Amino acid sequence: MNFRTVLGIFSISLLISCSSEHQTEKVKEETDSTKVETTVVKDEHSYANTNDVKTEHLHLALEIDFDNKVIHGRATHKINNISGVSKMIFDTHDLVIEDVFLDNGEHATFKLGEIDELLGQPLEVEIKPETKKVVIVYRTTPESEALQWLNPQQTAGKKLPYLFTQGEAVLTRSWIPCQDTPSNRITYSAEVTCPSNLMAVMSATNPTEKSTEGYFRFEMNNPIPSYLIALAVGDLQFASLGNRTGVYTEPSMIDKCVEEFEDVESMVEAAEELYGQYKWGRYDIIVLPPSFPFGGMENPKLTFATPTIIAGDKSLVSLIAHELAHSWSGNLVTNATWDDFWLNEGFTVYFENRIMEKIYGKERSDMLLMIEYQELLHENDDMINSGHGEDTHLKLNLKDRNPDDGMTAIAYTKGALFLKTLEEAVGRDKFDKFLNSYFDTYQFKTVTTEDFVNYAKNNLLKPNNIEFNIDEWVYGEGIPDNCVKIESDRFKICDEKAKFLADVKTADELLIDESIWTTQEWMRFIRQIPENTTIEKMKMLDDAFNLSDRGNAEIMSEWYIKSIKIGYKDINEPMEQFLIEVGRRKFLAPIYTELAKTSENLKLAKKIYKKARPNYHAISFNTIDEILGWSE
Ligand code: BES
Ligand code: ZN
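Summary of the structure given here. (Residues numbered from 1 in each chain as written. Chains lettered and ligands numbered in written order. Predicted model: local features only at pLDDT ≥ 70, side-chain atom pairs only at ≥ 80, totals over all residues. Heavy atoms only, no water.)

**With respect to the site of ligand 1**
(1) Moving on: In the vicinity of ligand 1 lie 17 residues, with Glu168, Gly295, Glu298, Glu323 and Tyr412 positioned nearest.
(2) Moving on: Gly295 has a polar backbone atom sitting 2.6 Å from an oxygen atom of ligand 1.
(3) Moving on: Interatomic distance of 2.7 Å between a side-chain N/O atom of Tyr412 and an oxygen atom of ligand 1.
(4) Moving on: Burial of ligand 1 by the protein amounts to 90% of the accessible area it has alone, namely 520 Å².
(5) Moving on: For the shell around ligand 1, the elements supplying multiple residues, two or more each, are β20 (296-297), α3 (318-325) and α4 (341-360).
(6) Moving on: The greatest single-element share of the shell around ligand 1, amounting to three residues, is contributed by α3.
(7) Moving on: Residues of the shell around ligand 1, tallied by class, amount to six nonpolar, five polar and six charged. (Near = heavy atom within 4 Å. Polar contact = N/O pair within 3.5 Å; in protein donor to acceptor, adjacent residues only side chain to side chain. Areas by Shrake-Rupley, 256 points an atom, 1.4 Å probe, with all protein chains shown as cover. Helix = DSSP H or I, 4+ residues; strand = E, 2+ residues; numbered from the N terminus. Nonpolar A, V, L, I, M, F, W, Y, C, P; charged D, E, K, R; others polar.)

**Some points on the layout of surface pockets**
(1) Moving on: Here the second largest pocket is characterised by a volume of approximately 780 Å³.
(2) Moving on: Lining the second largest pocket are 35 residues; nearest its centre among them are Pro290, Pro307, Thr308, Glu581 and Val582.
(3) Moving on: For the lining of the second largest pocket, the secondary-structure elements that each account for two or more residues are α1 (254-260), α13 (553-566) and α14 (572-581).
(4) Moving on: Element by element, the count of residues in the lining of the second largest pocket is highest for α14, at five residues.
(5) Moving on: Both of domain 2 (48-229) and domain 3 (489-628) provide at least three residues apiece to the lining of the second largest pocket. (1 Å grid on protein atoms, 1.4 Å probe; cavity = no way out; pocket = protein on both sides within 12 Å on 5 of 7 lines; lining within 4 Å. Points joined across faces, edges and corners; volume = space filled by probe spheres on them. Domains from an automatic or database assignment.)

**Some remarks on the coordination of the zinc ion (ligand 2)**
(1) Moving on: Donor atoms from the polypeptide that coordinate the zinc ion (ligand 2) comprise His322 (NE2), His326 (NE2), Glu345 (OE) and Glu345 (OE), at 1.9 to 2.8 Å from the metal.
(2) Moving on: Of note, the donors binding the zinc ion (ligand 2) are all from one chain and are spaced H-x3-H-x18-E. In this pair, His326 is assigned in the loop between α3 and β22 (333-335) and Glu345 in helix α4, connecting sequence segments 19 residues apart.
(3) Moving on: Exposure remark for His326: the relative accessible area of 0% places this residue in the buried category. (Donors = N, O, S within 2.8 Å, 3.2 Å for Na, K, Ca; no water. Buried < 20%, exposed > 50% of the residue type's maximum accessible area, 1.4 Å probe, protein only.)

**Observations regarding the pairing of strand β19 (residues 283-287)**
(1) Moving on: The buried count for β19 comes to five of five residues, which makes it a mostly enclosed element.
(2) Moving on: Across the two faces of β19 the burial is the same, with Tyr283, Ile285 and Val287 and Asp284 and Ile286 all buried.
(3) Moving on: With four bridges joining them, strand β18 (residues 245-249) and β19 adopt parallel strand pairing. Across the sheet, Gly246 pairs through a bridge with Asp284, a residue of β19.
(4) Moving on: Pairing analysis gives four bridges linking β19 to strand β21 (residues 302-305), with the strands arranged parallel. Across the sheet, residue Ile286 finds its bridge partner in β21, namely Phe304. (Pairing = 2+ DSSP bridges.)

Structure (structure tokens):
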């Protein structure tokens, strides 16, 4: 086992790092098992004093009360008081702390600090040097942002309620009092009770059947960061996809999901061939109700996914490749702080693309990356033009900011393109060997950007005698000139057809063969439609290809945005339907942003939002509130 225990630490020394603009005090830590140095930096998004005392194992006893929309919890922290301190600090946010006990049930003295809107409230518990256990009895509140409680109408079955959690980045503290920092890894176990007609699943070993008592037990025996603790409770059914893969969803969705995910088992194999053994046992996916605010979340052993990827033609499964890839980049090797977020996401987009290439070929993986690249260029320009050039650095400084601010195309796509450019410079063989050894060396550890940069210099660039502008990529602004060029002949055809639109009289003349056009080609084509295209032409396309109501969320959202820009209004009804049903922020934010640009459309947006907002998760409505200037 790869527990990072105190026994493994034989030297702790202080040093000052000068590699980035602001100096950080670092604790350099060596573990004797691998002789690898990882730096432990201060996490600006947590109050926890993990360098002095840390949780090693967490046991959760949770009672899910759907009537009152409350979780009653008891969190038992098995701790390691490294420095023998007298105070342990936990993160909490919108929790009620009812009581705290230490070993043998003795009451502990505790106090909650001031409330910070972003970081919540530190919970200080008085402990002794020899304390081994801290037990926190608590309950969640309606404000607990990690939780979304769904009424039956918000589910596919419409009969039973549903609950799911979202921990990343700093929301776990709103449903579990814990040291909520990615820099500390813990194992966990849980006992969950819920109504017996529902099934509970977690980022852990999972049941495949409901239980007559509504009681479930879970284990996660690999050490993980707190943001990966996750729970979903609903009318769930399980179906197997392969030897070690399967899917959970509501009964009415299960067959569709099994078909859509036909290739998942081979994705796991492809990933292993690329970057080494899958270390988590099973790989399952839960397809959630449409209000899930993200496309996917890489909860270990159990990816959480939006139903908007169930397109009926496997065209959106790259999202599964992405969440699966996180089983290496992110879950095995974890960003030490949210400033290093690109280490999670940039690596994952790169890895996702390699999996897609391996299974579906280079033509498809290039199209996927090009779609992302186009978005990166826009975001990068916007940031630079609005005077926020520092947000285009891979290494961020998110002190006093919401870590979600780092969730941009920079971390994802600039990060991936950096690795792809590096791959091109050293050659694929060498690069893959290097990444294999990176994942191996840092498995079950947390890594800072500086750790990676040093590792790459010492293990990739120096040994191969290669000059590379690694610091410009990581600490510099914008997209360096040596960025790899991604091209797609199929996209060139899409571009031509979009340009040709002005000259055609009927949709037939465009010679679009729907049976072979992929989702990515539709997206590209729609994006390239000139903004001076007439309403009549838009209607012609809509009538011919049913774009407003095509059933594919990626295509529909591109189409709505272009239609709003052009002033084509026949989308209004299906778009309203879409906005009421779907809660995925990635789709909502650009549509509402486009609508907010004229006063007439803003009025429409607010009318729709009034109906849609109650369906959205806090993560989504917080963003949309801001876009629309909404106050209830
Ligand atoms: N880990 C992210 C989701 C996330 C990031 C949640 C930061 C909260 C804070 C997940 O792996 C992700 O990137 N999801 C993407 C899909 C992906 C294919 C780019 C999404 O949800 O759109
Ligand atoms: Zn991701």
